[in-house]
Amino acid sequence: MAKSVLLICFLVLVFAFAAADNSPLQDFCVAEAGSSVLVNGQACKDPETVQANNFSFSGLHLPGNKSNPVGSKVTPVTVAQLPGLNTLGISMARIDIALWGINPPHTHPRASEILLVLEGTLEVGFITSNPDNRLISKILQKGDVFVFPQGLIHYQRNTGYGNAVAIAGLGSENPGVITIANVVFGSMPDISADILAKAFKVDKTVVSQLQSKF
Ligand SMILES: *[C@@H]1O[C@H](CO)[C@@H](O)[C@H](O)[C@H]1NC(C)=O
Ligand SMILES: *[C@@H]1O[C@H](CO)[C@@H](O)[C@H](O)[C@H]1NC(C)=O
């Protein structure tokens, strides 16, 4: 008797853990009674009509266009480009960076990232959370792999002699990207200049100058 109660308690616990919510795959989901908007995934295609193409993406052999002020281009392959990734919790990207170009400081709110350098030399780094804010940084060569832990701000810079190419794997089908400079100085509408002046310990004119560039 006691044994079966224990077994039931154990099964209930296992079931409770197995049935825990998944991590959110969107920035937020405000509750609304009767809404038809889905959470944590897109609607499913009828499995009978699924084709091999729905699990495939072509084009990652093509370099991205790096002619932009940061000198880099990320080509994502997330659930938006490859519908078969829906609910699977993985995605990838190709990163092209011109000499001395950067993939500017950014964070993926929903994914850790593992990066493999295919060509060139990349300086990579991430910063730990408060209070240490330690920069963990390294120069990577072709064949080197580096991991950026989920949510931490990170960047890449091409410090080599030619183009750099990397492939990243991400632990979400919809990892999201928050580019720090864009969200801080380019939000719509602007964050009030006195808030940013105090936060960055600079004059409001410096803040306005930065805001005008985003
Ligand atoms: C699935 O693949 C078929 C065949 O290539 C295509 O017609 C259809 O648009 C695809 N659907 C999705 C959701 O990718
Ligand atoms: C690359 O982007 C630049 C700037 O947007 C554009 O002028 C140029 O035509 C693009 N090159 C290619 C090959 O698409």
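Residues numbered from 1 in each chain as written. Chains lettered and ligands numbered in written order. Predicted model: local features only at pLDDT ≥ 70, side-chain atom pairs only at ≥ 80, totals over all residues. Heavy atoms only, no water.

Applied cut-off: UniProt positions are given in the numbering used here, feature names are shortened, and annotations may be inferred rather than shown by experiment.
The name that an unreviewed UniProt entry assigns to the protein is Germin-like protein, with the source organism given as Eucalyptus grandis. Quoted verbatim from the Subcellular location (unreviewed entry) heading of the UniProt record, the comment on the protein is "Secreted, Extracellular space, Apoplast". Taken verbatim from the UniProt record of the protein, the Sequence similarities (unreviewed entry) comment is "Belongs to the germin family."

**Observations concerning the sheet that holds strand β10 (residues 178–179)**
Put simply, the test is: Note on pairing: two strands pair once DSSP finds at least 2 bridges between them. Numbered from the N terminus, helices here are DSSP runs of H or I no shorter than four residues, and strands are runs of E no shorter than two.
Spatially, 5 strands are ordered β6-β5-β8-β3-β10 in an open sheet, and the strand pairing comes out antiparallel. Two strands lie at the open edges of the sheet, namely β6 (135–140) and β10, each paired on one side alone. As judged from the 5 bridges shared by strand β5 (residues 122–127) and strand β8 (residues 154–158), these two strands associate in the antiparallel manner. Across the sheet, residue G125 finds its bridge partner in β8, namely Y155.

**Digging into the sheet that holds strand β4 (residues 113–119)**
So the rule is basically this: Lines are fitted to the C-alpha atoms to define the axes, a helix being fitted only along its stretch in contact, and any angle between axes, read from their N-to-C directions, falls within 0 to 180 degrees.
Strand order across the open sheet formed by 5 strands is β1-β2-β9-β4-β7, with antiparallel pairing between neighbours. Two strands close off the open sheet at either side, each with one partner strand: β1 (72–77) and β7 (145–148). Going across the sheet, the axis of each strand differs from the next one's by a mean of 20 degrees, ignoring polarity. Sheet topology places β4 next to β7; 4 bridges connect them, and they run antiparallel. Each residue of the ladder has a partner; that of L115, found in β7, is F146.

**A word on the packing of aromatic side chains**
The test is simple: The pairing test for Phe, Tyr and Trp rings, Trp by its six-membered ring, is centres within 6.5 Å, and the orientation test on the planes gives stacked under 30 degrees, edge-to-face over 60, and tilted for anything in between. Relative accessibility under 20% of the residue-type maximum defines a buried residue, over 50% an exposed one, and the middle range a partly exposed one, all with a 1.4 Å probe and only protein chains included.
Counting across every chain of the model gives 4 aromatic pairs. For the ring pair F126 and F146, a centre distance of 6.1 Å and an interplane angle of 50 degrees mean the geometry is tilted. In this pair, F126 sits in strand β5 while F146 sits in strand β7, placing the two residues 20 residues apart along the sequence. The same class applies to F126 and to F146, which are both buried. Their ring planes at 45 degrees and their centres at 5.3 Å tell us that F185 and F200 sit as a pair that is tilted. Of this pair, F185 sits in helix α2 (residues 180–185) while F200 sits in helix α3 (residues 193–200); the two residues are 15 residues apart in sequence, bridging distant segments of the chain. By way of ring pairs, the aromatic residues F126, F146 and F148 are connected into one cluster.

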